[in-house]
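Structural characterization, general
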Amino acid sequence: MRVAVVLLASVAALSVIHAQQRDYPRDLFNTGQPVSGTTPFPNYDPYRLDELFRKRHEVELQMFDVINEAALRRDPKLKRAIDLYGKDLGYIPLLAVAHYKYVFGDKSQLDWLLAEDAKGGFARDSLVMIVFGYMDEWDRTILRFKEHDKVADGAAAEVLREGMEIRRRIYGADRFKRAWDAVKIK
């Protein structure tokens, strides 16, 4: 009985090894071609998934930037795509979608952004601070900047400073300073 089990395990292992060493035609692994016209990868690389996963994050950050710019420009043309893709955009782009919807009248989106930021507590590197940098809202966002500023360090401080610098560059350093000075932490 033991010999039969060892023999079956050996045959199974050899078939796996044989399958792993075989070269398959690359067109078998080109699901995207009929959808988007992609070409298959030139060869098999088990580490490619790591690379693609990292690029996915990069693409989400690029979508985040496109949506924030559309909001800043008050460009209604992006609404169709936002409605079409909805929650499938991913968490990072959805932060920018909240800004976009806020610009076009859905003021509840500011509450959602504040709640998302509060989930992790102050002094974390929240991309909500970047969204606030783009937003033309001068009470609650400046207050949140100040609350983070009291405790932020490391990556959180960098993200906070970037959001504040974006605000200064878009709306002017003088306007930012006046708003900063006017808002008091309770």
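Described in the following lines is the structure provided in the data block.

1. Points about unusual backbone geometry
Unlike most non-glycine residues, R74 shows phi in positive territory, near 55°. Within the secondary structure layout, R74 lies in the loop between helix 3 (48-73) and helix 4 (79-85). Judged by its relative accessible area of 43%, R74 falls in the partly exposed class.

2. Re the nonpolar core
Core analysis: the biggest nonpolar cluster contains 41 residues, and L113, F132, I142 and F145 have the highest contact counts within it. For this core, the secondary structure elements donating two or more residues are helix 3, helix 5 (91-103), helix 6 (108-119), helix 7 (128-134), helix 8 (140-151), helix 9 (154-171) and helix 10 (173-182). Among the elements that line this core, the one with the most residues is helix 5, at nine residues. F132 has contacts with L110, L113, L114, T141, R144, F145 and R167, leaving out every residue within four places of it along the chain.

3. Structural notes on the packing of aromatic side chains
By the definition in use, this model includes five aromatic pairs. With centroids separated by 4.9 Å and ring planes inclined at 50°, the aromatic side chains of Y100 and F104 adopt a geometry described as tilted. Using a relative accessible area of 3% as the deciding quantity, one classes Y100 as buried. Arranged with centres 5.8 Å apart and planes meeting at 25°, the rings of F176 and W180 form a pair that is stacked. Highlighted residues: F176 and W180, both in helix 10, separated by four residues, approximately one helical turn. Summarising the burial analysis for this pair, F176 and W180 share the class buried. Here the aromatic cluster, defined as three or more aromatic residues joined through ring pairs, consists of F132, F145, F176 and W180. Residue placement shows K107 over the ring face of Y102; its charged tip is 4.0 Å from the ring centre. Here the basic side chain of R167 rests over the ring of W138, its NZ or CZ set 4.5 Å away from the ring centre.

4. Regarding a nonpolar patch on the surface
There is a patch of nonpolar side chains on the surface, built from Y24, L28 and F29 and spanning about 310 Å² of accessible area. Note on F29: relative accessible area 46%, which makes it partly exposed.

5. So, the side chain of R167
Relative to the elements of secondary structure, R167 occurs in helix 9. No salt bridge forms around the buried R167; measuring N to O, its nearest opposite-charge neighbour E137 is 5.5 Å away. Among the polar contacts made by the side chain of R167, one reaches the main-chain carbonyl oxygen of M135 at a distance of 3.2 Å. A polar contact is formed between the side chain of R167 and the side chain of T141, at a distance of 2.9 Å.

6. Topic: helix 6
Turn by turn, an α-helix covers 3.6 residues, leaving residues three or four places apart pointing in a common direction. Here helix 6 is 12 residues long and its end C-alpha atoms lie 17 Å apart, about the 16 Å a rise of 1.5 Å per residue gives. Those residues of helix 6 that sit buried are Q109, L110, L113, L114, E116 and D117. Projection of helix 6 onto a plane perpendicular to its axis shows the buried side chains occupying an angular sector of 160°, all on one side. G121 sits one or two positions beyond helix 6 and adopts a positive phi of about 80°.

7. Overview of the side chain of R144
Relative to the assigned elements, R144 resides in helix 8. With relative accessibility at 11%, the residue R144 sits in the buried group. Beyond its immediate sequence surroundings of up to four residues, R144 is in contact with L114, D117, A118, F122, M129 and F132.

About the criteria used
- Residues numbered from 1 in each chain as written.
- Predicted model: local features only at pLDDT ≥ 70, side-chain atom pairs only at ≥ 80, totals over all residues.
- Heavy atoms only, no water.
- Helix = DSSP H or I, 4+ residues; strand = E, 2+ residues; numbered from the N terminus.
- Buried < 20%, exposed > 50% of the residue type's maximum accessible area, 1.4 Å probe, protein only.
- Core = buried A, V, L, I, M, F, W, Y, C linked by side-chain atoms within 4.5 Å.
- Contact = heavy atoms within 4.5 Å.
- Phe/Tyr/Trp six-rings, centres within 6.5 Å; stacked < 30°, edge-to-face > 60°.
- Lys NZ or Arg CZ within 6 Å of the ring centre and 35° of its normal.
- Patch = residues over 30% accessible without salt bridge, like charges linked within 9 Å, V, L, I, M, F, W, Y side chains within 5 Å.
- Areas by Shrake-Rupley, 256 points an atom, 1.4 Å probe, with all protein chains shown as cover.
- Salt bridge = Lys/Arg side-chain N within 4 Å of Asp/Glu carboxyl O.
- Lys, Arg positive; Asp, Glu negative; His and termini not counted.
- Polar contact = N/O pair within 3.5 Å; in protein donor to acceptor, adjacent residues only side chain to side chain.
- Expected span 1.5 Å × (residues − 1).
- Arc of directions from axis to C-beta.

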